[in-house]
Amino acid sequence: IYSFGINDDWTFEDFMDFRGCEIHAHDPTVDFPAKRGKNTKFYKLGLGTETSSDMDTLANILKKNGHSNTVIEYLKIDIEAAELDGLPDWLKTGALDNVNQLAMELHLTGLHNGEDSNFIWLLEILQELYKLNFRVISHEVNMVMGPQVDGLYNMVEVVFMKDDV
């Protein structure tokens, strides 16, 4: 399991560690020990589209851990709108090729603003995910955040799973 965007909530990671899964947790905004539980490693490193001192690409992170050709059963991403920039890169580099399940919180607030408030590019991303055999198995709006002043729910939890798993 790879998890990006821990903040202060280890609920999922701790439960999966208890179940015996190997977890690689990443978040550049918080400080935690490098080891947690029996099977969890923490990295003070964020997921981005470029490499810097505190950010790296998904393809590079997988490569550094020797997991470029390893099946990743679950990839969890909650990186506060950076997922929208990252998705094209993850598809282009093949970083999602060996991922079986992809869980993300989509932060769509910026897509509703201005003249360029269309979703064509996002539909194209969803088509590319579909070509990799990803199918939506769960989705729900983030009820904690609720609708914004425009009445729209701008944060959506989505889980994709490959249909050939």
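Coordinates for the structure precede this section.
In this report, the structure presented in the accompanying data block is examined. (Residues numbered from 1 in each chain as written. Predicted model: local features only at pLDDT ≥ 70, side-chain atom pairs only at ≥ 80, totals over all residues. Heavy atoms only, no water.)

## Regarding the pattern of salt bridges
Scanning the model with the defined rule gives six salt bridges in all. Residue Glu13 pairs with Lys76 through a salt bridge whose shortest N-O separation is 3.0 Å. One end of the pair, Glu13, is in helix H1 (residues 11-18); the other, Lys76, is in strand E7 (residues 75-77), and 63 residues separate them in sequence. Residue classification places Glu13 among the buried positions, given a relative accessible area of 0%. What makes Lys76 buried here is its relative accessible area of 19%. (Salt bridge = Lys/Arg side-chain N within 4 Å of Asp/Glu carboxyl O. Helix = DSSP H or I, 4+ residues; strand = E, 2+ residues; numbered from the N terminus. Buried < 20%, exposed > 50% of the residue type's maximum accessible area, 1.4 Å probe, protein only.)

## Topic: the packing of aromatic side chains
Within the structure shown, the criterion is met by five aromatic pairs. Seen from their ring centres, Phe12 and Tyr74 are 5.2 Å apart, and the 35 degrees between their planes marks the pair as tilted. Of this pair, Phe12 sits in helix H1 while Tyr74 sits in the loop between helix H2 (58-64) and E7; the two residues are 62 residues apart in sequence, bridging distant segments of the chain. What makes Phe12 partly exposed here is its relative accessible area of 24%. Classification of Tyr74 as buried rests on a relative accessible area of 17%. (Phe/Tyr/Trp six-rings, centres within 6.5 Å; stacked < 30°, edge-to-face > 60°.)

## Quick notes on unusual backbone geometry
If you check the backbone angles, Glu80 has positive phi at about 50 degrees while not being a glycine. Position of Glu80 relative to the elements: it lies in the loop between E7 and helix H3 (82-93). You can call Glu80 exposed: its relative accessible area is 56%. Even without being a glycine, Ala81 presents a positive backbone phi close to 85 degrees.

## Focus: the side chain of Asn100
You can see Asn100 is positioned in the loop between H3 and strand E8 (101-107). You can call Asn100 buried: its relative accessible area is 12%. Beyond its immediate sequence surroundings of up to four residues, Asn100 is in contact with Val71, Ile72, Glu73, Phe134, Phe160, Met161, Lys162 and Val165. (Contact = heavy atoms within 4.5 Å.)

## Some points on the packing of H3 against helix H4 (residues 120-131)
The interhelical angle for the contact between H3 and H4, taken along N-to-C directions, is 40 degrees, at an axis separation of 11 Å. With respect to H4, the axis of H3 lies oblique. As H3 packs across H4, the resulting crossing turns out to be left-handed. In this structure, H3 contributes Leu84, Leu87, Pro88 and Leu91 to the contact, and H4 contributes Trp121, Ile125, Glu128 and Leu129. When grouped by side-chain class, the residues that make up the contact of H3 with H4 number seven nonpolar, no polar and one charged. (Axes fitted to C-alpha atoms, helices over the stretch in contact; angles between N-to-C directions. Parallel < 35°, antiparallel > 145°, perpendicular 65-115°, else oblique. Left-handed = near helix turned anticlockwise from the far one by under 90°. Nonpolar A, V, L, I, M, F, W, Y, C, P; charged D, E, K, R; others polar.)

## Here's the deal with the layout of surface pockets
By volume, the largest pocket is sized at about 600 Å³. Every residue lining the largest pocket is counted, 29 residues in all, and those nearest its centre are Phe4, Gly5, Lys76, Ile77 and Asp78. Mapped onto the lining of the largest pocket, the elements with two or more residues apiece are H1, strand E5 (46-47), E7, E8 and strand E10 (155-162). Considered class by class, the residues forming the lining of the largest pocket number 15 nonpolar, six polar and eight charged. Considering only enclosed or pocket space, the second largest pocket measures out at about 170 Å³ in volume. (1 Å grid on protein atoms, 1.4 Å probe; cavity = no way out; pocket = protein on both sides within 12 Å on 5 of 7 lines; lining within 4 Å. Points joined across faces, edges and corners; volume = space filled by probe spheres on them.)

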